[in-house]
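Single-letter residue listing:
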Amino acid sequence: MRISYSSLENFKQCPLKYKFSQIDKIKEPKSKEAVFGTYIHKVLKWFYQKDPFFPTLDALLDYYKEHWPKKTEGFEWQDPEEENSYFKEGLRILEEYYKMNIPQQTSILDLETKFEVTIDENPDKQNGKHLLTGIIDRIDKLPDGTIEIIDYKTGKRIPSQDDVDKNDQLSLYAIGLKSRWPMINIEKLRLSLYFLKFNEKVETKRTIDQLEQSKNKVIDLIHQIEKDSFEPRPSVLCGWCGYRHICPIWKHLDANEAENNINGINIKEKIDQYFKV
């Protein structure tokens, strides 16, 4: 089986979401959070591609402004005020990031590194081989020779150190990098999540035993996927799911919403406003 970290996360969140995405190949509508996060990643990639002659802060912000995604495939801003809030937030993030990280103290080895690593659960047999894929945002080499994997995050919270120490994504990235560059010493590999909204980086490390445990987790999840009937798994995350409009769990809610809207006007909302007046 060919599998990525994001698809594994989809399955853990909801088997039906995994089915819609990976088996039925239904594209998930883009959320404003996803569009914003993807664009910040794109701007930082452009910036670091200029290494070692990094653009000035003004040049960085100009690039951000000129290429701002007012409309992309599958997404268009509906609320000008909301769009403006995200736009200003991006300017703030980039300005604070620049002031914290430039001049650059490390050497950049690669950006958006793609990897494919074979996870073999039955070395003596033909079956049981799985291909794990992923993309690492940035790989740096520190002055002391340490290699650092950096993954950018634009979320609204910073997890605890304990959560980062157990983060499966970073473990899989370490496995992928070790497969691509076998000479890397795991003891000198640093794994970091950079939370751009707060301009904070949380670092962790892994041992060989921990990476083996992560491989076994992947194999276990693949076994679950192979046996699963892909039933929906309702949770608080449903509110952010792009497949909610076709999910049987929420079908009744969508029907009620349709009945309460005529020509784009929310009838219940208008009635409430009337009685307030």
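Residues numbered from 1 in each chain as written. Predicted model: local features only at pLDDT ≥ 70, side-chain atom pairs only at ≥ 80, totals over all residues. Heavy atoms only, no water.

**Q** Which residues make up the overall build of the chain, and what values do they have?
**A** Tallying secondary structure elements over the chain gives ten helices and ten strands in all. A buried classification covers 40% of the 277 residues belonging to the chain. Total accessible area on the chain stands at roughly 16600 Å², and carbon and sulfur atoms take up 51% of it. (Helix = DSSP H or I, 4+ residues; strand = E, 2+ residues; numbered from the N terminus. Buried < 20%, exposed > 50% of the residue type's maximum accessible area, 1.4 Å probe, protein only. Areas by Shrake-Rupley, 256 points an atom, 1.4 Å probe, with all protein chains shown as cover.)

**Q** Residues and numbers for the packing of aromatic side chains, please.
**A** In this description, a pair of aromatic rings is defined by centroid distance and the angle of the planes. The final tally for this structure, using the stated rule, is 21 aromatic pairs. Here a set of aromatic residues connected by ring pairs shows up, and it is made of F36, Y39, Y64, W68, F75, W77, Y86 and F87. Stacked on the ring of Y48, the Lys or Arg R138 has its end atom at 4.3 Å from the ring centre. (Phe/Tyr/Trp six-rings, centres within 6.5 Å; stacked < 30°, edge-to-face > 60°. Lys NZ or Arg CZ within 6 Å of the ring centre and 35° of its normal.)

**Q** Would you mind going over empty space enclosed by the protein in detail, with residue names and values included?
**A** Leftover empty space is mapped by rolling, across the atoms, a probe with the size of a water molecule. For the structure on display, the rule yields three cavities of 30 Å³ or more. Estimated volume of the largest cavity: approximately 130 Å³. Around the largest cavity, the lining is made up of 17 residues, and of these C14, K17, C238, C241 and C247 lie nearest the centre. Per element, the largest residue contribution to the lining of the largest cavity is three residues, and it comes from helix α2 (residues 15-23). Of the residues contributing to the lining of the largest cavity, the split by class is twelve nonpolar, two polar and three charged. Of all the secondary structure elements, the ones that give two or more residues to the lining of the second largest cavity are α1 (5-13), α7 (168-180) and α8 (208-227). Of the residues belonging to the lining of the second largest cavity, the class tally is five nonpolar, one polar and four charged. (1 Å grid on protein atoms, 1.4 Å probe; cavity = no way out; pocket = protein on both sides within 12 Å on 5 of 7 lines; lining within 4 Å. Points joined across faces, edges and corners; volume = space filled by probe spheres on them. Nonpolar A, V, L, I, M, F, W, Y, C, P; charged D, E, K, R; others polar.)

**Q** Let's hear about helix α3 (residues 32-48): which residues, and what values?
**A** One turn of an α-helix holds 3.6 residues; hence residues three or four places apart share an orientation. The end-to-end C-alpha distance of α3, which contains 17 residues, comes to 25 Å, matching closely the 24 Å that a straight helix rising 1.5 Å per residue would cover. For α3, the full list of buried residues reads V35, F36, G37, Y39, I40, H41, V43, L44, W46, F47 and Y48. (Expected span 1.5 Å × (residues − 1).)

**Q** So, the packing of α3 against helix α4 (residues 57-66): which residues are in play, and what are the values?
**A** Think of two packed helices as two axes; the pair is described by the angle between the axes and how far apart they sit. At a closest axis distance of 10 Å, the pairing of α3 and α4 adopts a crossing angle of 140°. Between α3 and α4, the angle falls in the class oblique. Here α3 runs over α4; the crossing is right-handed. Here F36, Y39, I40, K42, V43, W46 and F47 of α3 lie close against α4, whose contacting residues are A59, L60, Y63 and Y64. A breakdown of the residues in the contact of α3 with α4 according to their chemical character gives ten nonpolar, no polar and one charged. (Axes fitted to C-alpha atoms, helices over the stretch in contact; angles between N-to-C directions. Parallel < 35°, antiparallel > 145°, perpendicular 65-115°, else oblique. Left-handed = near helix turned anticlockwise from the far one by under 90°. Contact = heavy atoms within 4.5 Å.)

**Q** For the state of the cysteines, give the residues involved together with the corresponding values.
**A** Under the criterion given, the structure shown has zero disulfides. Of the cysteine sulfurs around C241, a residue in no disulfide, the closest is that of C238, at 6.6 Å. C241 sits in the buried class, given a relative accessible area of 19%. (Disulfide = S-S within 2.5 Å.)

**Q** Could you give an account of the pairing of strand β8 (residues 200-204), with specific residues and numbers?
**A** Both strand β7 (residues 189-195) and β8 contribute to a ladder of five bridges, which runs antiparallel. Paired with Y194 across the strands is K201, a residue of β8. Linking β7 back to β8 in an antiparallel pair, the connection comprises four residues, with N199 at a positive phi of about 55°. (Pairing = 2+ DSSP bridges.)

**Q** Can you tell me about the confidence of the model for the chain, naming the residues and giving the values?
**A** Taken as a whole, the chain shows an average pLDDT of 89; of its residues, 89% reach a score of 70 or greater. Confidence drops under pLDDT 50 across residues 257-272; counting only partners more than four residues distant or on other chains, this segment forms seven contacts. (pLDDT = per-residue confidence, 0-100.)

**Q** I'd like a rundown of the pairing of strand β6 (residues 147-153), residues and numbers included.
**A** With respect to burial, β6 is a largely interior element, six of its seven residues being buried. As paired elements, strand β5 (residues 129-141) and β6 share four bridges and run antiparallel to each other. Its bridge partner lying in β6, D140 is registered against E148. The antiparallel hairpin formed by β5 and β6 contains five residues in its connecting segment, where G145 sits at a positive phi of about 95°. Both β6 and β7 contribute to a ladder of seven bridges, which runs parallel. The residue of β7 that forms the bridge with D151 is L193.

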